[in-house]
Amino acid sequence: MAARNMWKSYLLWCANEHVSFRIPEVESVLAMYKIPHTWIEKPEENPWMLISMPSEDCAVKLMKRCVTVRSIIELWAQSTTKEHLDDQLKTLPAEFTSYFKKENKFKVVVDIFNKVISQEEKIQKIESFSYLPILGSANLKNPDVTYYYYEFFGLDAGRIPENPFNYFFGRWISDSERTAVAKYSLKTRHFIGNTSMDPQLSMIMANLAQIDNGHIVVDPFVGTGSLLVAAAHFGGYVCGTDIDYLTIHGRMKPTRAHQKKRQPNEDIKGNLKTYNLFSRYLDVFVGDASTPVWRSNFRFDSIITDPPYGIRESTYKVGSKKIAPIPDEMLSTHFPSKTQYGLGDIYKDLLNFAANSLKLHGRLVFWIPIIRMEYDPDLLPEHPCLETIANSEQILNLHSSRRLITMQKIMEPKEAEDSAIIHNLQYTFRHKFFNTSEIKGHGKEDESARNLTKRSKRGNGIAKLPCDK
Ligand SMILES: C[S@@+](CC[C@H](N)C(=O)[O-])C[C@H]1O[C@@H](n2cnc3c(N)ncnc32)[C@H](O)[C@@H]1O
C-alpha cells in the first residue's frame, strides 16, 4: 500500500437527494471493502465530500457501490476563490501535468451547483483555464482524460450568491453505481404494488446492509420484493416472507393506472427474471414475522426490511383473543384468525429475530416511523446484541418522518434471545399520526413547515406518505 504521504485527495460529487443517507452509505461501503482512507471534509448538507485514499483502484471500488454519489474526481485544486484555485493549477506537480501530453484527447466538464448558466458562460469558464499547458486535442465523445470543474453556490435556491462559495478542479476517475438506479425504476418494473420501495433507497439499504456476492438476505415483510431486487443486484441470494398471500404472489389488484388485470408471472420471481437476477432468487412464502419459521441454527448475512407502519391499514399477525382448540378434521382447511400487531411489538420481534438469526457482524437495516417533534435517538428500539451503526431521516410530512436504522450484530445471544427494548414512542406512533393535537409541541412546527416547503420546492427528497399495507 502507498505510504500515507503518497495518498491522493478525491472529491466525491454527490446527488442532491437523500442527503442524510450519503455519509452513512459511503462509510458503510468503505468499511465493507476495508478501503483505507482519511476524511478531509465530510459536510452533512453540501453535495461533496473530500477523502484521501491510497490509489485510484480504491476510488473505483467505492464507486462500484455508492448510489448517493454521482462521481469521483482526483482532486487537483480547491479553493473559496477562483484566483487561489488558478494559483494552485499553475503550479501543479508533475504527477498531474503528465496528463497534459499530446496523445491524450481531453474534455472539460463544467458543473455548477445551485445556479443555471448558459452554454456561452460555460465555455467562458472553460476558457478561463487556457493557461493550463494541455497539449492534446479536445474530444467530447471519446476523451482519454476528462477534467472536471465544479462551482458550488450554496444550498439556498432563494439566495444565490454572486460568487460561488467553493471551487474544485480535478480529473474524473469514475461515475458511481447510481447509473444502475434507472434500470430498476418503478415506472418500468414488471411487478409493483402500492408498497414498492423506491429503487435508490432500496440500493442504499443494500449498501448499508453491506450485502455482497453470495450473501443470504431475508426481508421478513417482503411485500412486492423491491428490497430483494436491490439485494440481488449486489449479489445477494434473496428470500422473504409476508403475511399477505395476495401481495406476495402478485394476486392483488393492479396499482398501475389503466391496468385491469395482472399479467402472467407478474410477481417477485417475475421481477428478478426480467432483471436477469433469477439465479439469486431463493424463495418467498407466506409467513408471519411475529413467529419466524426459520430453523433456529440458520444464520442470515443480512436482514433488510420495511415493516408496516399501520397508517393506511392496520398491521396484523396470526392470533386470536379466544383460545379454542381446532378440531383435527378442520385443521387442513383452517385459516388462522388475525389480530392487531402494534408497532412496538413489530420492532420487538424484528430485533429479537435479528439477534437470533443474523451471523455475527451481520447487519439489520430497517425503517421506523417517527413523530418528528418527539424524536429522541435514545428512544429508538435497542437490543444488547445489536449496535446501531447509522440513522438517517427521510421526511414524510410536517409532523412525521421515517428513519432508516442500521444495526450490526455484535455478539451471539446466550440462548434464544428475547431482550429487545422498545420505548413508548413506537407504541404510540400510529395513534399520534392520526391525532396530531396530542403531539408534544404541536402547533410550533412553523419553522419546520417553512423549511419543508422550501426543500420540497427544490425536489429535495421529501417523501410521500408511506404506502402501507
Ligand atoms: C411496507 S410493506 C413492505 C413493502 C415492501 N418493501 C415492498 O417493496 O413492497 C409491509 C409489508 O408487511 C406485510 N405484513 C404486515 N404484517 C405482517 C406480518 N405479521 N408478518 C409478515 N408480513 C406482514 C404487509 O402485508 C406488507 O406487504
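Rules and cut-offs
Residues numbered from 1 in each chain as written. Predicted model: local features only at pLDDT ≥ 70, side-chain atom pairs only at ≥ 80, totals over all residues. Heavy atoms only, no water. Helix = DSSP H or I, 4+ residues; strand = E, 2+ residues; numbered from the N terminus. Rg over C-alpha atoms; globule rule 2.2 N^0.38 Å. Buried < 20%, exposed > 50% of the residue type's maximum accessible area, 1.4 Å probe, protein only. Contact = heavy atoms within 4.5 Å. Areas by Shrake-Rupley, 256 points an atom, 1.4 Å probe, with all protein chains shown as cover. Near = heavy atom within 4 Å. Polar contact = N/O pair within 3.5 Å; in protein donor to acceptor, adjacent residues only side chain to side chain. Nonpolar A, V, L, I, M, F, W, Y, C, P; charged D, E, K, R; others polar. Core = buried A, V, L, I, M, F, W, Y, C linked by side-chain atoms within 4.5 Å. Pairing = 2+ DSSP bridges. Right-handed = clockwise from strand over helix to strand, strands pointing away. Axes fitted to C-alpha atoms, helices over the stretch in contact; angles between N-to-C directions. Lys, Arg positive; Asp, Glu negative; His and termini not counted. Salt bridge = Lys/Arg side-chain N within 4 Å of Asp/Glu carboxyl O. Domains from an automatic or database assignment. Buried area = accessible area lost by both parts, 1.4 Å probe. Phe/Tyr/Trp six-rings, centres within 6.5 Å; stacked < 30°, edge-to-face > 60°. Lys NZ or Arg CZ within 6 Å of the ring centre and 35° of its normal.

Scanning the chain for helices and strands turns up 12 helices and 16 strands. Compactness check: the chain gives a C-alpha radius of gyration of 25 Å against a globular reference of 23 Å for 469 residues, within 12% of the reference. Taken over the C-alpha atoms alone, the chain extends approximately 90 × 50 × 50 Å along its principal axes. Here the chain, with 469 residues, has 50% of them falling under the buried criterion. Look at the contacts in the chain between residues 6 or more apart in sequence, and 75% of them connect residues 24 or more apart. Accessible area of the chain: about 23,100 Å², with a carbon and sulfur share of 52%.

What follows deals with the site of the ligand. Near the ligand lie 22 residues; those nearest to it are T195, T224, S226, D242 and A289. A distance of 2.8 Å is found between a nitrogen atom of the ligand and a backbone nitrogen or oxygen belonging to A289. Summarising the interface, the protein chains cover 99% of the accessible area of the ligand, which totals 600 Å² for the free molecule. Across the shell around the ligand, the residue classes tally to 10 nonpolar, 6 polar and 6 charged.

This part takes up the nonpolar core. With 69 residues, the main nonpolar core has I268, I304, L364 and F366 as its most contacted residues. The leading source of residues in this core is strand β14 (residues 358-371), at 8 residues. Among residues more than four places away in sequence, those in contact with L364 are I303, L350, L351, A354, L358, L386, I405, T406 and M407. A77, L92, F106 and Y167 belong to the second-largest nonpolar core, a separate cluster that totals 20 residues.

On to the pairing of strand β8 (residues 216-219), then. Where β8 lies against strand β9 (residues 237-242), 4 bridges are found, and the strand directions are parallel. By the bridge assignment, D219 is partnered in β9 with G240. Between the parallel pair β8 and β9, the chain is carried across by helix α7 (residues 226-233), and the sense of this crossover is right-handed.

Moving on: the sheet that holds strand β11 (residues 300-305). If you walk across this open sheet you meet the 7 strands as β10-β9-β8-β11-β14-β16-β15, and the pairing is mixed. The sheet is open, and its two borders are formed by β10 (281-286) and β15 (386-395), each paired with just one other strand. Looking at each pair of strands side by side, their axes are set apart by 15° on average, direction ignored. Relative to the sheet, α7 contacts β8, β9, β10 and β11, its axis offset from that of β9 by approximately 170°.

Here the focus is the side chain of D219. Position of D219 among the secondary structure elements: in strand β8. Buried charged residue D219 carries no salt bridge. Nearest counter-charge: R189, at 10 Å. Within the local environment of D219, its side chain forms a polar contact with the backbone nitrogen of F221, the two atoms lying 2.9 Å apart. Within polar-contact distance, the side chain of D219 engages the side chain of T305 at 2.5 Å.

All right, on to the domain arrangement of the chain then. Here the domain parsing of the chain yields domain 1 (4-179) and domain 2 (183-321 + 334-457). Just the C-alpha atoms count here: the centres of domain 1 and domain 2 sit 35 Å apart. Each partner contributes residues to the interface: domain 1 has 18 residues there, and domain 2 has 20 residues. Of the roughly 1,600 Å² buried between domain 1 and domain 2 on both sides combined, carbon and sulfur atoms contribute 55%. Interface area lost by domain 1 to domain 2 is led by H18, F21 and R65, which between them contribute 38%. Across the contact surface, domain 1 and domain 2 share 0 salt bridges.

Turning our eyes to something else, we now look at the environment of F300. As for its position among the elements, F300 is in strand β11. Note on F300: relative accessible area 1%, which makes it buried. In the structure, F300 is positioned 130 residues away from G170 in sequence and 42 Å away in space, judged by C-alpha atoms. Apart from the residues lying within four places of it in its own chain, the contact partners of F300 are I216, V217, V218, C239, W294, F353, S357, L358 and K359.

We now examine the packing of aromatic side chains. Counted according to the given criterion, the structure contains 27 aromatic pairs. Ring centres of W76 and F100 lie 5.9 Å apart, and the angle between their planes is 65°; on these two criteria the pair is classed as edge-to-face. Here F100 lies in the loop between α4 (94-97) and β5 (106-113) and W76 lies in strand β4 (residues 69-79), a separation of 24 residues in the sequence. For the pair W76 and F100, a shared accessibility class is recorded, and that class is buried. On the basis of an interplanar angle of 20° and a centroid distance of 5.7 Å, the ring pair of F278 and Y281 is categorised as stacked. We classify F278 as partly exposed; its relative accessible area is 35%. We classify Y281 as buried; its relative accessible area is 12%. What links up through ring pairs into an aromatic cluster is the set W76, F96, Y99, F100, F106, F129, Y131, Y147, Y149 and F169. The ring of F129 has K82 lying over it, and the distance from NZ or CZ to the ring centre is 4.2 Å. Stacked on the ring of Y375, the Lys or Arg R403 has its end atom at 4.0 Å from the ring centre.

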